[in-house]
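An overview of the molecular structure
Spelled out, the chains give:
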Amino acid sequence: MNRLIVVSNRVALPNQTATGGLASAMRDALRERGGLWFGWSGKIAKHTAGQLHHLKDGEVEYATIDLSKEDHDHFYDGYANRTLWPLLHYRPDLVDYNRGHLAGYLRVNTVFADRLADLIEPNDMIWINDYHLIPLASMLRERGVRNRIGFFLHTPLPAAGLLIALPQHRELLETLSSYDLIGLHTARDLRALEDYFLHEAHAVMRPGHRMRASNGHIFRAGVFPIGIDTHQVAEMAKRALAEEEEIGQLRASLDDRALIIGVDRLDYSKGLPERFQAYERLLERAPELHRKVTLLQIAPPSRSTVPEYRQIRRELERSAGHINGLYAAPDWVPVRYVNNSYPHSVLSGYYRTARVGLITPLRDGMNLVAKEYVASQNPKDPGVLVLSRFAGAAEELTQALLVNPADTEEVTDALERALKMPLKERRNRWHAMMEILQKHDLTAWRKSFLDALAA
Ligand code: GDG
């Protein structure tokens with residue numbers, strides 16, 4: 001089996017817990033085949049930026065580099081988080097375009113290419129991840145790398161009409177044609193990619209989902225919806241009540257009230273203000289539910305150097321305070337809004353406790369929390385997933401109650417229906433979703449991507 005090189009902005013080193021789906025998928029793939037994980041060390045260089053740090057753990061090597069403060073600010077805080085992230089999440093109004101940020105982004109990709117090129121052996125397969133590293137393959141090709149290189153985009157890809165709002169979009173996006181394979185989460189994202197290349201970048205379709213770009217490169221794109229480690233999550237959730245004291249504490253505090261849960265990084269793409277509004281509307285419309293339900297929203301803060309993230313935090317504090325001010329009673333707090341993060345083992349127990357999983361991003365590449373919520377349920381008495389149509393997960397989890405997160409009444413209706421859903425219907429919907437999650441788990445995802453890359 002060929003050696004695998006994984007490249008991502010952040011690397012989960014062996015002594016760190018792998019948070020998030022990407023990190024654990026890559027770690028498993030590397031352990032199985034042996035290989036190298038390359039990326040940013042997560043550190044700002046005090047003296048020399050770009051120096052390589054090596055670490056070996058069994059068959060897996062890690063090579064990381066520090067970034068200078070200036071490069072980090074332009075590349076990560078700037079172009080990745082303030083230009084590409086809002087654009088890819090359909091928010092051109094939030095795109096902060098600055099040529100200095102683009103220059104920093106290209107500079108960091110160049111440093112990655114320079115350092116990585118020296119580490120590549122002739123038969124290695126290279127798997128580059130996410131929007132931080134779009135031009136990396138073309139830079140490696142310029143350095144003579146002829147290996148098979150795949151790219152996976154973990155975010156959505158918006159329609160061509162939006163992508164062209166990015167200044168110099170062709171210079172950046174056409175570099176995608178240097179990959180052998182581009183992986184996306186959904187059919188909608190694939191359509192957007194094909195539409196962009198065919199209608200904005202003068203590419204032509206070739207048989208077998210291949211395209212020929214205007215520079216003559218032939219590449220392939222496909223749909224590979226990321227999964228979770230379904231079996232492991234289900235087992236963890238089953239054990240959580242016995243093993244994690246937080247679960248007993250939460251259950252005792254609920255006092256038989258139905259729990260609605262949301263877990264999201266504090267990000268404007270997650271639709272949190274709209275979610276709070278729908279919950280407020282539920283309490284307004286259904287007084288019989290007062291004291292009978294509680295919303296637990298877990299939202300660890302992220303990217304707090306970006307103004308929009310500080311603003312959404314203030315907005316949510318106001319909104320939670322407003323709802324509690326209107327409806328709370330001495331023995332009932334309708335919204336529990338928590339800005340902490342929790343280990344997976346605790347989260348899975350929280351999911352199992354919740355009658356409703358309320359996952360309503362305005363846009364999301366996949367949304368692994370939705371899948372983890374389903375996998376954590378008690379098969380005898382499963383909860384109901386209320387899911388945004390605009391999360392990639394909605395293409396597979398069609399037995400969730402699918403909603404448009406901007407339509408307050410629709411989300412409120414779904415919440416009410418979920419809270420009142422009879423056991424038989426809950427079981428039927430849960431079984432259908434669980435079957436999909438078992439078949440298309442994380443192992444199946446990485447295998448199908450790597451098989452396609454090797455083909
Ligand atoms: C990108 C795309 C796509 C652990 N503790 C907390 C927490 N975790 C874990 C969750 C889940 C992961 O983090 C979050 O996964 P998501 O898929 O929801 O979102 P991201 O990792 O930000 O993002 C996304 C994914 O890549 C994979 O391709 O699905 O669309 O944006 O595993 O259990 N999460 C939160 N709080 C915790 O305390 N929010």
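Before reading on, note that the structure itself is shown above.
So, here's what we can say about the structure.

Rules and cut-offs
- Along each chain, residues carry numbers from 1 onward, in the same order as the chain's sequence is written.
- Local features in this predicted model are restricted to residues of pLDDT 70 or higher, and side-chain atom pairs are both shown and tallied only at a pLDDT of 80 or more, whereas totals for entire chains, interfaces and linings draw on every residue.
- In computing side-chain properties, one takes all heavy atoms of the structure into account and sets aside hydrogens as well as water.
- Each residue's exposure class comes from its accessible area (1.4 Å probe, protein chains only) as a fraction of the maximum for that residue type: buried when under 20%, exposed when over 50%, partly exposed otherwise.
- Counting from the N terminus, the helices are the DSSP runs of H or I reaching at least four residues and the strands are the DSSP runs of E reaching at least two.
- Two strands qualify as a pair provided DSSP detects at least 2 bridges between them.
- Clockwise travel from the first strand over the helix to the second, with the strands pointing away from the viewer, marks a crossover as right-handed.
- Between the first and last residue of a helix there are one fewer steps than residues, each counted as 1.5 Å, and that sum is the expected span.
- Residues are treated as being in contact if the distance between any of their heavy atoms lies within 4.5 Å.
- Axes, fitted as lines to C-alpha atoms, cover a helix only where it is in contact. Angles between the N-to-C directions of the axes lie from 0 to 180 degrees.
- Using protein atoms alone on a 1 Å grid, points that fit a 1.4 Å probe yet trap it form a cavity, whereas open point sets bounded by protein on both sides within 12 Å along at least five of seven lines form a pocket; residues with an atom within 4 Å of a point count as lining.
- Grid points are joined across faces, edges and corners, and a volume is the space filled by probe spheres set on the points.
- Ten residue types, Ala, Val, Leu, Ile, Met, Phe, Trp, Tyr, Cys and Pro, are classed as nonpolar, four, Asp, Glu, Lys and Arg, as charged, and the remainder, Gly among them, as polar.
- Any residue with a heavy atom lying within 4 Å of a molecule or strand is counted as near it.
- Counted as a polar contact is a pair of N or O atoms within 3.5 Å, where, for protein atoms, one must be capable of donating a hydrogen and the other of accepting one, and residues adjacent in sequence contribute only when both atoms are in side chains.
- Per-residue accessibility takes into account occlusion by the displayed protein chains alone, with areas from the Shrake-Rupley method and a 1.4 Å probe.
- Either an automatic procedure or a domain database provided the assignment from which the domain bounds are taken.

Here we take up the pairing of strand β5 (residues 125-129). A regular strand carries its side chains on alternate faces of the sheet. For β5, a buried count of five out of five residues is recorded, marking the element as mostly surrounded by other parts of the structure. Here β5 shows two buried faces, one formed by Met 125, Trp 127 and Asn 129 and the other by Ile 126 and Ile 128. Two strands pair when backbone bridges link them, and strand β1 (residues 4-10) and β5 are joined in this way by four bridges, in the parallel orientation. Directly across from Ile 5, in β5, lies its bridge partner Ile 126. Handedness of the β-α-β unit built from β5, helix α4 (residues 136-142) and strand β6 (residues 148-152) comes out right-handed.

A separate point is helix α7 (residues 187-200). Taking 1.5 Å of rise per residue, the 14 residues of α7 would be expected to cover 20 Å, and the 19 Å separating its terminal C-alpha atoms lies within 8% of that figure. Among the residues of α7, those classed as buried are Asp 189, Leu 190, Ala 192, Leu 193, Glu 194, Tyr 196 and Phe 197. In this structure, the buried side of α7 is in contact with α5 (160-163), α6 (169-173), β7 (181-184), β8 (204-206), β9 (210-212) and β10 (218-223). The positive-phi residue at the C-terminal boundary of α7 is His 202, with phi of around 55 degrees.

The ten strands are arranged β3-β4-β2-β1-β5-β6-β7-β10-β9-β8 in an open sheet whose pairing can be described as mixed. A strand with exactly one partner marks an edge of an open sheet, and here the two such strands are β3 (52-57) and β8. The mean angle between the axes of side-by-side strands here comes to 25 degrees, regardless of whether they run parallel or antiparallel. Both β9 and β10 contribute to a ladder of three bridges, which runs antiparallel. Pairing of Arg 212 across the sheet is with Ile 218, part of β10. Across the face of the sheet, helix α3 (residues 99-117) comes into contact with β1, β2 (35-44), β3 and β4 (60-67) while running at roughly 140 degrees to β2.

A few words on the layout of surface pockets. As a volume, the second largest pocket reaches approximately 320 Å³. Every residue lining the second largest pocket is counted, 15 residues in all, and those nearest its centre are Arg 251, Arg 352, Thr 353, Ala 354 and Arg 355. Split into classes, the residues belonging to the lining of the second largest pocket amount to five nonpolar, four polar and six charged.

The residue Asn 81 is located in helix α2 (residues 69-88) in this model. By relative accessible area, Asn 81 is classed as buried at 1%. In this view, Asn 81 contacts Tyr 76, Pro 86, Tyr 131, Tyr 268, Arg 303 and Val 306; residues no more than four positions away in its chain are not counted.

Lining the immediate surroundings of the ligand are 21 residues, of which His 154, Tyr 342, His 344, Asp 364 and Glu 372 lie closest. A distance of 2.7 Å separates an oxygen atom of the ligand from a polar side-chain atom of His 154. Measuring from an oxygen atom of the ligand, one finds a side-chain N or O atom of Asp 364 at 2.6 Å. Surface burial for the ligand is 87%, taken as the share of its 740 Å² of free accessible area covered by protein chains. When residues of the shell around the ligand are traced back to their parent elements, those giving at least two are α12 (344-353) and α13 (368-375). Residue contributions to the shell around the ligand peak at three residues, all from α13. For the shell around the ligand, the per-class residue count stands at nine nonpolar, seven polar and five charged. Mapped onto the domain boundaries, the shell around the ligand takes at least three residues apiece from domain 1 (4-227 + 442-454) and domain 2 (230-439).

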